[in-house]
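Residue-level listing of the chains:
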Amino acid sequence: MWAMSKLEQQLAGNLSSICEQMARAVESAGRSAASVQLVAVTKYVGLRETAAILAAGCETLGESRPQQLCEKAVEPQLAAARWHLIGHLQRNKVRRTLPLVELIHSVDSLRLLKTINDISGELGLTQRVLLEVNCSGEAEKHGFAPEKFKRLLPELPAFPHVKVCGLMTMAAREGGETVAAKNFSALRQLRDEAMRECPPGISLAELSMGMSHDFEVAIREGATWVRVGSLLFDGV
Ligand SMILES: *Cc1c(COP(=O)(O)O)cnc(C)c1O
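Residues numbered from 1 in each chain as written. Predicted model: local features only at pLDDT ≥ 70, side-chain atom pairs only at ≥ 80, totals over all residues. Heavy atoms only, no water.

1. Structural notes on the layout of surface pockets
Its volume calculated, the largest pocket comes out at about 920 Å³. Breaking the lining of the largest pocket down by element, the ones donating at least two residues are helix 3 (66–73), helix 7 (176–197) and strand 8 (225–228). Looking at the lining of the largest pocket element by element, the count peaks at four residues for helix 7. A per-class count over the lining of the largest pocket returns 12 nonpolar, 15 polar and 11 charged. (1 Å grid on protein atoms, 1.4 Å probe; cavity = no way out; pocket = protein on both sides within 12 Å on 5 of 7 lines; lining within 4 Å. Points joined across faces, edges and corners; volume = space filled by probe spheres on them. Helix = DSSP H or I, 4+ residues; strand = E, 2+ residues; numbered from the N terminus. Nonpolar A, V, L, I, M, F, W, Y, C, P; charged D, E, K, R; others polar.)

Here you go:
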């Protein structure tokens, strides 16, 4: 038998308690277990820890900086990972990033959407993305204002090389679970309204919301992706 390293033990323990918390939240919300997936956010850790979380069974890894994502994505040890970009993408990094990522959670401007569409087209890809919406109204947060997103909706068919799959948000920094629940429910309601007016061919099934401190709240409010970093790597 192989002995588990201390790192592997710690990560396996963290992962199993997060999965249990997710399972309980899913059940109490009356949702199916398969309806919520975990993005393991690896931005705080190096290659060794990232490889260990992959080996522990997390295949979907998220980075918030394109540069770090690109560096990790070429590592042979991480070849089995499916990469999600969860942070702001500068337009000059789009070309390098697109071939590496399965899903971009953080499309936060029309200019970025256009650039992704153009470069995807050139590369012969259809890039899956989520549109980031600023539901908390905090000035320092990226994302479309809800009204701006509504105005963008009818224009989405103009971007054939991008597949918009849903919406992403981050809860307000202050205010705890009550405010987070309000922000998450605002995203879900915005999505539900948008679905009724959605142009043909556009689906907004995915809702990316919830991090270490608020993923259970997010699951209650309809998250399909939760992005968890610090809790997963706690103690390593
Ligand atoms: C860092 C980050 C996370 C993970 O945050 P934790 O609180 O460490 O779980 C999730 N989403 C985004 C956009 C992030 O930048």
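2. Quick word on the pairing of strand 8
Both faces of strand 8 are covered, namely the face carrying W225 and R227 and the face carrying V226 and V228. Pairing analysis gives four bridges linking strand 1 (residues 37–41) to strand 8, with the strands arranged parallel. For Q37, the partnering residue across the bridge sits in strand 8 and is W225. (Buried < 20%, exposed > 50% of the residue type's maximum accessible area, 1.4 Å probe, protein only. Pairing = 2+ DSSP bridges.)

3. Details of the site of the ligand
V41, K43, Y44, S64, I86, M170, M211, S212, R227, V228, G229 and S230 make up every residue found near the ligand. Within the side chain of K43, an N or O atom sits 2.7 Å from an oxygen atom of the ligand. R227 is positioned with one of its side-chain polar atoms (N or O) 2.8 Å from a nitrogen atom of the ligand. Contact with the protein chains removes 92% of the 390 Å² of surface that the ligand exposes when unbound. The site holding the ligand turns out to be the largest pocket. Within the shell around the ligand, the residues separate by chemical class into six nonpolar, four polar and two charged. (Near = heavy atom within 4 Å. Polar contact = N/O pair within 3.5 Å; in protein donor to acceptor, adjacent residues only side chain to side chain. Areas by Shrake-Rupley, 256 points an atom, 1.4 Å probe, with all protein chains shown as cover. Sits in = over half its atoms within 2 Å of the grid points.)

4. Remarks on empty space enclosed by the protein
Enumeration according to the criterion identifies one cavity of 30 Å³ or more in this entry. Its boundaries defined by the atoms lining it, the largest cavity holds a volume of some 40 Å³. Residue lining of the largest cavity: K150, L153, L190, E193, A194 and E197, and that is the complete set. Here the lining of the largest cavity gets four residues from one element, more than from any other, and that element is helix 7. For the lining of the largest cavity, the per-class residue count stands at three nonpolar, no polar and three charged.

5. Topic: the pattern of salt bridges
A full pass over the atoms with the stated rule returns 10 salt bridges. A salt bridge links R82 to E102; the nearest nitrogen and oxygen atoms lie 3.0 Å apart. A residue pair is termed long-range when its members are at least 10 positions apart, and R82 in strand 3 (residues 82–85) and E102 in strand 4 (residues 101–107) qualify at 20 residues. Overall, the relative accessible area of 26% leaves E102 in the partly exposed class. (Salt bridge = Lys/Arg side-chain N within 4 Å of Asp/Glu carboxyl O.)

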